[in-house]
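As a plain string of letters, each chain reads:
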Amino acid sequence: MTSTNEKSVSRPEPMNVGVIGVGMIADTFIRNMTERFSILNVSACASRRFERAQETAERYGIEAKTIDELLADPGIDIIVNLTPPEAHYSIIRRALESGKHVYTEKVLAGTLDEARELVRLADASSLELCSSPDTFLGSAIQNARQLVDRGMLGTVTSVHSSLTRNFRAIGELLPFVTQGVGGIGIDVAVYHLTALVYMLGPIRSVFGYSRTNEPKRRHFMPALPHFGEEYEVTAKTVTAGVVEFECGTLGTMLFNSDSLVHQRPRFEMMGTSGILTLANPDDFGGDVTLQREGQTTPIVVPSTFGMSADTRGAGVAEMAWAIRTGRQPRANKELAFHVLEALLGIDQAAAANQPYTMTSTAPVIAPLPEGHVTGLWVDDPESAFVDAL
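Calculation rules
Residues numbered from 1 in each chain as written. Predicted model: local features only at pLDDT ≥ 70, side-chain atom pairs only at ≥ 80, totals over all residues. Heavy atoms only, no water. Axes fitted to C-alpha atoms, helices over the stretch in contact; angles between N-to-C directions. Helix = DSSP H or I, 4+ residues; strand = E, 2+ residues; numbered from the N terminus. Left-handed = near helix turned anticlockwise from the far one by under 90°. Contact = heavy atoms within 4.5 Å. Nonpolar A, V, L, I, M, F, W, Y, C, P; charged D, E, K, R; others polar. Pairing = 2+ DSSP bridges. Phe/Tyr/Trp six-rings, centres within 6.5 Å; stacked < 30°, edge-to-face > 60°. pLDDT = per-residue confidence, 0-100. Parallel < 35°, antiparallel > 145°, perpendicular 65-115°, else oblique. Salt bridge = Lys/Arg side-chain N within 4 Å of Asp/Glu carboxyl O. Buried < 20%, exposed > 50% of the residue type's maximum accessible area, 1.4 Å probe, protein only. Polar contact = N/O pair within 3.5 Å; in protein donor to acceptor, adjacent residues only side chain to side chain.

**Section: the packing of helix α6 (residues 139-149) against helix α9 (residues 189-200)**
Closest axis-to-axis distance for the α6/α9 pair is 9 Å, and the angle between their directions is 35°. Both α6 and α9 take part in a crossing whose hand is right-handed. Contacts between α6 and α9 involve Ile 141, Gln 142, Ala 144, Arg 145 and Val 148 on the former and, on the latter, Ala 195, Tyr 198 and Met 199. When the residues that make up the contact of α6 with α9 are grouped by side-chain class, the tally is six nonpolar, one polar and one charged.

Written out as C-alpha cells, the structure reads:
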C-alpha cells in the first residue's frame, strides 16, 4: 500500500522520434536512442537522398520516409535534425511549423537573426527546441561542475580553452567544416563554451580576432571525386577570443584549423584555491584533474556521474523527459542561442575592432544527480533524467 506521503509515479508514454539526416553521426544517435532510452521510440528517418534513408532504416528496423512525409506524419512528436549546419534553419523552421518538438545538432542556425526567429517560433508554438552539444550531461563535465559548485577552486578567476586541427584534411571528407558556421571557431568551440556557460553562468561580453587563411584551396586527395578542383573556404580558420562572464571570470579561447590533425584539447579553469583541467568537452567522459594549494601535481578526481561513454542522443532523451514531466530541458534553446551569440559575437567584435556586448542570457541549469554510474550490473543513464521520481 502506498502511504499518503509517497508520490505515485507512472511511466510516461514514449515520444515518437523521426530523424532527418543520416550522415556519419546518425548511427551513434540512432543506436543510443533506440538501445538506451525507453522514453524514445525512433520510428522513422529521412534524407535528401532517399536511398541513404532506406539503408539506415534497414539497419535499425525503422521506416524510411522523404523529408516531406516525415514532417507531415502526425505520429511523430520529435524531429531530430542531423543535417549539415547550412540546412538547420530551414529544417528546424519547417519542423516547428509542422507542430513538432525539435532537437538539432549544433548549431541552431547560420546567423543570429535566423536563430532568433527559430527561438521565437518555438515559443509562439509552445514547442521545445533543443540543441547539441549534450556532452555537458556526461560524467566529466558533471564532475567538473560539482567541483566548481562545492568551491574546490575557490573563486574561478580565469579559464582557457583551445584546440588545433587540420581542416584542410578533414574538409576533404566533411566539406561543411570549410563553410560558414562549420568552421572550428564555432563548430568545435561550441562544446567548450557550452561547458563553461553551464558551469559559470552567462557571458557579459566577448572580443577577439578571426581570419580565413587561404580562402582559395584545391582538393588534394586523389581517391576523392573532386581531386584537383578548386574550392572556396568561407569559414574562419583561426579564431582567438576573450570572454567576460557575468560572474567576473575572464576567459581566453584559441581555435586553429590550419595546424595538425591530432592535438589534445586544452580546457583549464583557474581559481583562487584550485586549478581544474578537463580532458575534452567534446567527449562525455574523460579525466578531470584538480590541483589544490600546496599540491605540486594535480590528481584525477573520480566521477560519480553516469554517461562516460559516447552517449550522443542523451540530450533528446533528457528533453523528452522534460516535456513529459513539465520542466525546462537542460540543452534548451536559450543556452544554445546564448552560446551561438557569443561565438558569432567574436567575429563581429573582430570586424568592428571593439568588444561585443551580449543581448541574451542563459538560464541556470540544474546539475544531474550523482550515482547513475555504469557498473557491472547496471547501465542505465536514463534514470538520471527522471526528475519526477
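**Quick notes on the sheet that holds strand β8 (residues 203-211)**
Spatially, nine strands are ordered β16-β15-β14-β13-β7-β12-β11-β8-β17 in an open sheet, and the strand pairing comes out mixed. For this open sheet the edge positions go to β16 (299-300) and β17 (356-357), each flanked by a neighbour on one side alone. When strand β7 (residues 156-164) meets strand β12 (residues 250-256), the two strands line up parallel, connected through seven bridges. In the strand pairing of β12, Ser 161 is matched with Met 253. Packing against the sheet, helix α11 (residues 333-352) makes contact with β8, β11 (238-245), β12 and β17, and its axis sits at approximately 50° to β8.

**As for the packing of aromatic side chains**
Counting across every chain of the model gives four aromatic pairs. Each ring, one from Phe 37 and one from Phe 385, has its centre 6.2 Å from the other, and the planes form 25°; the classification is stacked. Residue Phe 37 is located in the loop between α1 (26-36) and β2 (40-46), and its partner Phe 385 is located in the segment after β17; the two are separated by 348 residues in the primary sequence. Arranged with centres 4.9 Å apart and planes meeting at 45°, the rings of Phe 136 and Tyr 198 form a pair that is tilted. On the criterion of sequence distance, the pair formed by Phe 136 in the loop between β6 (129-131) and α6 and Tyr 198 in helix α9 is long-range, its members being 62 residues apart.

**Quick notes on the environment of Pro 381**
Tracing the chain through its elements places Pro 381 in the segment after β17. In sequence terms Pro 381 and Ala 317 are 64 residues apart; their C-alpha atoms lie 9.9 Å from each other. Discounting chain neighbours no more than four positions away, the residues touching Pro 381 are Arg 36, Phe 37 and Met 307.

**With respect to the confidence of the model for the protein chain**
For the protein chain, per-residue confidence averages 92 on the pLDDT scale, and 95% of positions sit at 70 or higher. In this model residues 1-8 is a low-confidence stretch, pLDDT under 50, and it forms one contact with partners more than four residues away in sequence or in other chains.

**Some details on the sheet that holds β2**
Strands sit in the order β3-β2-β1-β4-β5-β6 across an open sheet of six strands; the sheet is parallel. The sheet terminates laterally at β3 (63-65) and β6, the two strands that pair on one side only. Between one strand axis and the next, the sheet turns by 25° as a mean value, whatever way the strands run. Across six bridges, strand β1 (residues 15-20) lies against β2 in parallel orientation. Of the residues in β2, the one forming a bridge with Val 19 is Cys 45.

**Section: the packing of helix α4 (residues 88-97) against helix α5 (residues 112-124)**
One can describe the packing of α4 onto α5 by two numbers: an axis separation of 10 Å at closest approach and a directional angle of 10°. Classified by the angle their axes make, α4 and α5 are roughly parallel. Here α4 and α5 pass one another in a crossing that is left-handed. Residues Tyr 89, Ile 92, Arg 93, Leu 96 and Glu 97 of α4 lie in contact with α5, whose contacting residues are Glu 114, Glu 117, Leu 118, Leu 121 and Ala 122. Of the residues belonging to the contact of α4 with α5, the class tally is six nonpolar, no polar and four charged.

**As for the pattern of salt bridges**
As enumerated under the stated definition, the model contains 23 salt bridges in all. The partner of Asp 123 in a salt bridge is Lys 333, with the nearest N and O atoms 3.1 Å apart. A residue pair is termed long-range when its members are at least 10 positions apart, and Asp 123 in helix α5 and Lys 333 in helix α11 qualify at 210 residues. When its relative accessible area of 6% is taken as the criterion, Lys 333 is described as buried. Lys 216 is the salt-bridge partner of Glu 232, the closest N and O atoms lying 3.8 Å from each other. Of the two residues, Glu 232 is situated in strand β10 (residues 230-232) and Lys 216 in strand β9 (residues 216-218); the sequence distance between them amounts to 16 residues. For Glu 232, a relative accessible area of 43% puts it in the partly exposed group.

**A few points about the side chain of Asn 332**
Position of Asn 332 among the secondary structure elements: in the loop between α10 (314-325) and α11. A polar side-chain atom of Asn 332 sits 3.3 Å from the main-chain amide nitrogen of Glu 334. Not counting chain neighbours up to four residues away, the residues in contact with Asn 332 comprise Leu 129, Cys 130, Pro 363 and Ile 365.

**Brief notes about unusual backbone geometry**
Keep in mind that most residues, glycine aside, have a negative phi and that most peptide bonds are trans. Residue Val 107 is reached from Lys 106 by a cis peptide bond, and omega for that bond is 0°. With respect to the helices, strands and loops of the structure, Val 107 is situated in the loop between β5 (101-104) and α5. In this structure, Pro 133 follows Ser 132 across a cis peptide bond, with omega equal to 10°. Tracing the sequence through the fold places Pro 133 in the loop between β6 and α6. Residues other than glycine seldom take positive phi values, yet Glu 214 does so here, at roughly 50°. Relative to the elements of secondary structure, Glu 214 occurs in the loop between β8 and β9. Of note in this structure, Asn 353 is not a glycine but carries a positive phi near 55°. Summarising the element assignment, Asn 353 is placed in the loop between α11 and β17.

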